[in-house]
Amino acid sequence: MSNRIAAPIAIGAIMAISFWSFGCSNGTEDRSHGSGHGQEEDGHAGSAAWSYSGSAGPENWGSLSPDFAACSDGRMQSPIDIVDAVPAKGPDLIFDYKPSPLKIVNNGHTVQVNYGPGSGLTVAGKPFKLLQFHFHAPSEHAIAGSRAPMEVHFVHGDADGSLAVVGVMMQAGGHNDPLASVFANMPEEAGPEAEIAETTIDASAMLPSEAGAYSHYKGSLTTPPCSEGVNWFVMANAIEVSTEQIAKFEGISAPNSRPLQGLNDRLLIASR
Ligand SMILES: [Zn+2]
């Protein structure tokens, strides 16, 4: 066992040089879109209609449009099963989330909250803006083969169009107060964004404890066009939502989770 102690230190040193560089070569082709780049689930990046089942389902995303080729050809795809992660110190995550007016949209694939300006996440000293968060049911990532009832994705973008997405498992438990207004205002049908009058939300209250405990790997959008170069941070700790809240979302958008993708030759670390 003794040699296992040294290995993560060496790996950490290597990653400090290469892994935390955010100048990704993939997934930034539409960086000129600005905030549009952060619309992880909006499907606007390609014209082809896609879904979570049937002939336009995940097994066929890659053939629906040339723009979606990464969905079938990519080797750094998301989501993955979080298992056998290498213990290593990852970059410090500094969340600076502030309250935002509630702007919410059912885009036909998920329910998404478009976040107001001024909130962000700093990853190893590099600033990202919080663009939006949205939900999947069941969770897209699995932990040791097990999926949670839901997962929320906080999508952040930097000035170069790189993305950092924080995934948080949502387990069945107590009523989630910080998310109550979100669940209460989820549009039942797909349509344009709605701004809910005199309602603010605070994403800082939605995060689990111990933000430094996460798994990290380089992956992709989990929806077409499946662009790679996304910096994924899947929090080790979950948040709770009530069975009624889970049922509310399931009645609107679920199931909306992509099947698990192979890790291939990527590094998956567990940071504490
Ligand atoms: Zn997502």
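Below: a short report on this structure. Per chain, residue numbering runs from 1 following the sequence as it is written. Given that the model is predicted, a residue must reach a pLDDT of at least 70 before its local features are reported, and side-chain atom pairs must reach 80 or more before they are shown or counted; all residues, however, enter totals for whole chains, interfaces and linings. To obtain the side-chain values, all non-hydrogen atoms of the structure were included, while hydrogens and water were left out.

## As for the overall build of the chain
Thinking step 1. Within the chain one finds 5 helices and 16 strands.
Thinking step 2. Looking at the chain as a whole, 53% of its 272 residues are labelled buried.
Thinking step 3. Only heavy atoms matter for contacts: two residues are in contact if any of them lie within 4.5 Å across the pair. For the chain, the proportion of contacts with a sequence separation of at least 24, taken over those separated by at least 6, is 70%.
Thinking step 4. Shrake-Rupley sampling with a 1.4 Å probe provides the accessible areas, and residues are treated as covered by the protein chains on show and by no other component. Entry remark: accessible area of the chain is about 11,700 Å², with carbon and sulfur atoms responsible for 54%. Only DSSP runs of H or I with at least four residues qualify as helices, and only runs of E with at least two residues qualify as strands; both kinds are numbered from the N terminus onward. Each residue's exposure class comes from its accessible area (1.4 Å probe, protein chains only) as a fraction of the maximum for that residue type: buried when under 20%, exposed when over 50%, partly exposed otherwise.

## Re the environment of Gly 125
Thinking step 1. Tracing the backbone through its elements, the reader meets Gly 125 in the loop between strand 6 (120-123) and strand 7 (126-136).
Thinking step 2. Note: C-alpha distance between Gly 125 and Leu 93 (32 residues apart in sequence) is 8.5 Å.

## Let's talk about unusual backbone geometry
Thinking step 1. Following Ser 78, the chain continues to Pro 79 via a peptide bond in cis, the omega torsion being 0°.
Thinking step 2. With respect to the helices and strands, Pro 79 occurs in the loop between helix 3 (70-73) and strand 1 (81-82).
Thinking step 3. Of note, the bond from Ala 254 into Pro 255 is cis; its omega dihedral lies within 30 degrees of zero at -5°.
Thinking step 4. Position of Pro 255 relative to the elements: it lies in the loop between helix 5 (243-250) and strand 16 (269-271).

## Side note on the state of the cysteines
Thinking step 1. Throughout, disulfides are identified as pairs of cysteine sulfur atoms within 2.5 Å of each other. The final tally for this structure, using the stated rule, is 1 disulfide.
Thinking step 2. Covalently, Cys 71 is tied to Cys 226 through a disulfide, its sulfur atoms 2.1 Å apart. Where Cys 71 bonds to Cys 226 through sulfur, the torsion about that S-S bond is close to 95°, and the disulfide is right-handed. Within this pair, whereas Cys 71 is found in helix 3, its partner Cys 226 is found in the loop between strand 13 (214-220) and strand 14 (228-235), the two being separated by 155 residues in sequence. Here Cys 71 matches Cys 226 in class, with each residue buried.

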